[in-house]
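Analysis of the macromolecular model
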Amino acid sequence: MTKQMSNVMGWAVVAVLAAPTVALAGQAAQQATPANGIQIQAQDRYVVGQALPPVEDGSQRVDLSLEDAMARALEKNLDIKNAKLNPQMQDYTLQAARAAFRPTLNGNYSFNNASQQSTSQLDGGALTSTKRNSFGSSVNQRMPWQGAQVSVNFSNSRTSTNNAFATRNPSFSSNINFQYQQPLLAGRTVDNQRNSLETGQIQRAITDIQLTSQIENIKNQVRSAYWALRQTIELIEIQRRSLDLSQRNYDDNKVRVEVGTVAEIDLVQLESQIANGEQSLLAAEINWRNAEIAFKRLLVDSTEDDFFRATINPTDLPSVEITNVDIPSAVTRAIGQRADIEQARQSLRISELNLALSKNGLMPSLNMTASYALSGVGGPRFSRSGLGGAAVLVEPGGYFSAIQSIVDRDTPTWQVSLNFSKPLGMSSQRANHLRSTLSLEQQKTTLKKTELDIETAVTRAGLDVQSTYKQVMAAQKSREAAERTLEAELTRFSVGMSTNFQVISLTNALTSSRNNELSATIRYINAVAEFERVQRIQ
């Protein structure tokens, strides 16, 4: 439709909550004096958005736009605050997975003092005592590729004894060992640590998607609650003006009773209408209180917030803007970008990684270990003449003599080993693989179901926009017809050609039609927002 038509539709909503009193017998500014002498006055038409919420004593009215409500929800809503913690928690989980590939430093120290009684001439004394101090350190690291592990171990000791046969006293010993372990079959391309790291990164992306979904859902709840509150405020005004009209009609007829043109029994119908109007107004106020509490619940983090004790006045007006609904294009966009299908795709990737891990676990275990070690000894070296003779210092030395021996690579040791193992029969690895295969098939089915759900939801939301727009148009025509009908009936009543019952019935019909138009307008606004929402999130 053209922009002019859109503006016409916007102004049509202005009449949604028009006052139940309409222009009587001609122009609104004129006064008609019926034959019975009772003057019926035309009244101003009510414009949507002029209704204000009831303000209780001690409460402050706060004007609030929908945009400001959204901003406050993003800042204060507890559900959003709670959801924002999930990505941070997943970050720490990811750091824990990365820690498996960082080096580990170990250190040790021990002291031993041992004494032994002699049982032989060769024991070196009747009672020998040996003191040993041992200390060392090592570094181990799992490599992030090919499943390899490397380690370096450096150990040292100092030993002193009263054994008569000792050639070095005190003696120092140092050893350094380099080791590299490489899986050749199972564990080479993937293992639990590398799989946890990759799935953790995917899970981090999923938490971001879930946070975005949570924020969008809260914004949707704020929007719905905002318009629900606006609607309850307008309904209070509709019921109040309907009650005023009933009271005015009662007062006019009371005058007619006094002048003798109307029977007193006719006032009973009007009194009943006033009582019903008071009940409807009370019900509207109760609905307003409930709607306001539900709305403020989304915008505060504590009941101590001044905003929670204030009276909220939504300032945005429910306007009808023509929306072009292209359902096929919307379905395509939703399948390509919606949060839940993206989450399903990420979950499918996790299942694929788990399947690759379980498949790798079916292979036999064949590990190669290669090591290279150097050792050295130090300390003063003695020589003895004969068995148990006096010790003669041959070569001085100490701890650094052992270190120098390592540096000079005097005593290298090489070693390469292979270790093979394979379980026989149905193993736990095979059971895990079969379970992972079924899990992957389940994720693929879930993805297809999600695509079907998206197409169904978007199509339904698009059709809802079209149907609610037609309902707005129908409700608008119904309200206009009800206004004209009541206006004509009041004119007939003023000249004695109608009854109180007919006027009451048409007044109730007008109130109902205005309620219906307001409800239809709010439903259309929500339908448009829902159509946009289902293209982004579930």
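Residues numbered from 1 in each chain as written. Predicted model: local features only at pLDDT ≥ 70, side-chain atom pairs only at ≥ 80, totals over all residues. Heavy atoms only, no water.

Thoughts on the packing of aromatic side chains
Using the criterion set out here, one finds seven aromatic pairs in the structure. Arranged with centres 6.4 Å apart and planes meeting at 40 degrees, the rings of Phe135 and Tyr399 form a pair that is tilted. Linking Phe135 in strand 5 (residues 127-142) with Tyr399 in helix 9 (residues 399-407), this pair joins segments that are 264 residues apart in sequence. On the basis of relative accessibility, which here comes to 37%, the residue Phe135 falls in the partly exposed class. The class for Tyr399 is partly exposed, based on a relative accessible area of 22%. With 6.2 Å between their ring centres and 70 degrees between their planes, Phe172 and Tyr399 make a pair best called edge-to-face. Of this pair, Phe172 sits in strand 7 (residues 171-183) while Tyr399 sits in helix 9, and the two are 227 residues apart along the sequence. Overall, Phe172 belongs to the buried group, its relative accessible area being 14%. (Phe/Tyr/Trp six-rings, centres within 6.5 Å; stacked < 30°, edge-to-face > 60°. Helix = DSSP H or I, 4+ residues; strand = E, 2+ residues; numbered from the N terminus. Buried < 20%, exposed > 50% of the residue type's maximum accessible area, 1.4 Å probe, protein only.)

Some points on the packing of helix 4 (residues 192-259) against helix 8 (residues 339-361)
Where helix 4 contacts helix 8, the two axes come as close as 10 Å, and the packing angle between them is 170 degrees. On the basis of the axis angle, helix 4 is roughly antiparallel to helix 8. Counted together, Asn192, Asn195, Glu198, Thr199, Ile202, Gln203, Ile206, Ile209, Gln210 and Ser213 of helix 4 and Ala339, Glu342, Gln343, Gln346, Ser347, Arg349, Ile350, Leu353, Asn354 and Leu357 of helix 8 form the full contact between these two elements. Per-class residue counts for the contact of helix 4 with helix 8 are seven nonpolar, 10 polar and three charged. (Axes fitted to C-alpha atoms, helices over the stretch in contact; angles between N-to-C directions. Parallel < 35°, antiparallel > 145°, perpendicular 65-115°, else oblique. Contact = heavy atoms within 4.5 Å. Nonpolar A, V, L, I, M, F, W, Y, C, P; charged D, E, K, R; others polar.)

A look at helix 9
Those residues of helix 9 not exposed but buried are Ala402, Ser405 and Ile406. Taken down its axis, helix 9 places every buried residue within 100 degrees of arc, on the same side. Summarising the geometry of helix 9, the exposed residues directed more than 90 degrees from the buried face are Phe400 and Val407. For helix 9, the secondary structure elements touched by its buried residues are strand 6 (149-161), strand 7 and strand 9 (365-378). Phi turns positive, to about 50 degrees, at Arg409, one or two residues after helix 9. (Arc of directions from axis to C-beta.)

Concerning the sheet that holds strand 5
Each strand in a sheet pairs with another by means of backbone hydrogen bonds, the pair being arranged parallel or else antiparallel. Sheet architecture is open: six strands sit in the order 4-5-6-7-9-12, paired in antiparallel fashion. Every interior strand has two partners, whereas the edge strands, strand 4 (104-117) and strand 12 (412-421), have only one. The mean angle between the axes of side-by-side strands here comes to 15 degrees, regardless of whether they run parallel or antiparallel. Pairing of strand 7 with strand 9, which is carried by 12 bridges, proceeds in the antiparallel orientation. From the neighbouring strand, Asn177 faces strand 9, where its bridge partner is Ala373. Packed onto the sheet, helix 9 meets strand 5, strand 6, strand 7 and strand 9 and runs at close to 135 degrees relative to strand 9. (Pairing = 2+ DSSP bridges.)

Overview of the side chain of Ser157
Locating Ser157 in the fold gives a position in strand 6. Given a relative accessible area of 9%, Ser157 falls into the buried group. A distance of 3.4 Å separates the side chain of Ser157 from the side chain of Arg132, its partner in a polar contact. The contacts of Ser157, once residues within four sequence positions are left out, are Arg132, Asn133, Ser134, Ser171, Phe172 and Ser173. (Polar contact = N/O pair within 3.5 Å; in protein donor to acceptor, adjacent residues only side chain to side chain.)

Side note on the nonpolar core
Counting residues in hydrophobic clusters, the biggest one holds 38 residues, and the most contacted among them are Leu64, Ala69, Val222, Leu229, Phe295, Leu299 and Ile312. Those elements that place two or more of their residues in this core are helix 2 (66-76), helix 3 (78-99), helix 4, helix 5 (266-297) and helix 11 (500-533). When residues in this core are grouped by element, the largest group, 12 residues, is from helix 4. When sequence neighbours within four positions are dropped, the list of residues in contact with Leu64 reads Ala69, Tyr226, Phe295, Leu299, Phe307, Ile312, Asn313, Pro314 and Thr315. Ranked by size, the runner-up nonpolar core spans 26 residues in total, among them Val331, Leu355, Ile454 and Val528. (Core = buried A, V, L, I, M, F, W, Y, C linked by side-chain atoms within 4.5 Å.)

Overview of a nonpolar patch on the surface
On the surface, Leu105, Val139, Val152 and Phe178 cluster together into a nonpolar patch covering about 340 Å² of accessible area. Looking at the element boundaries, Phe178 is found in strand 7. (Patch = residues over 30% accessible without salt bridge, like charges linked within 9 Å, V, L, I, M, F, W, Y side chains within 5 Å. Areas by Shrake-Rupley, 256 points an atom, 1.4 Å probe, with all protein chains shown as cover. Salt bridge = Lys/Arg side-chain N within 4 Å of Asp/Glu carboxyl O.)

A word on the pairing of strand 8 (residues 311-314)
Side-chain alternation along strand 8 places Thr311 and Asn313 on one buried face and Ile312 and Pro314 on a second face that is also buried. By the bridge criterion, four bridges tie strand 3 (residues 61-64) to strand 8 in an arrangement that is parallel. Paired with Arg61 across the bridge in strand 8 is Thr311.

Some details on the pairing of strand 6
As defined by bridge partners, strand 5 adjoins strand 6 across 13 bridges and the pair is classed as antiparallel. When the bridges of strand 6 are listed, Ser137 appears paired with Phe154. Connecting the antiparallel pair strand 5 and strand 6 is a turn made up of six residues, with Gln146 showing a positive phi of about 60 degrees. Taken together, the 11 bridges between strand 6 and strand 7 define a ladder with antiparallel strand orientation. For Asn153, the partnering residue across the bridge sits in strand 7 and is Asn177.

As for the confidence of the model for the chain
When the pLDDT values of the chain are averaged, the result is 83; 88% of them are 70 or greater. Every residue in residues 1-44 is under pLDDT 50, and counting partners more than four places away or in other chains gives 96 contacts. (pLDDT = per-residue confidence, 0-100.)

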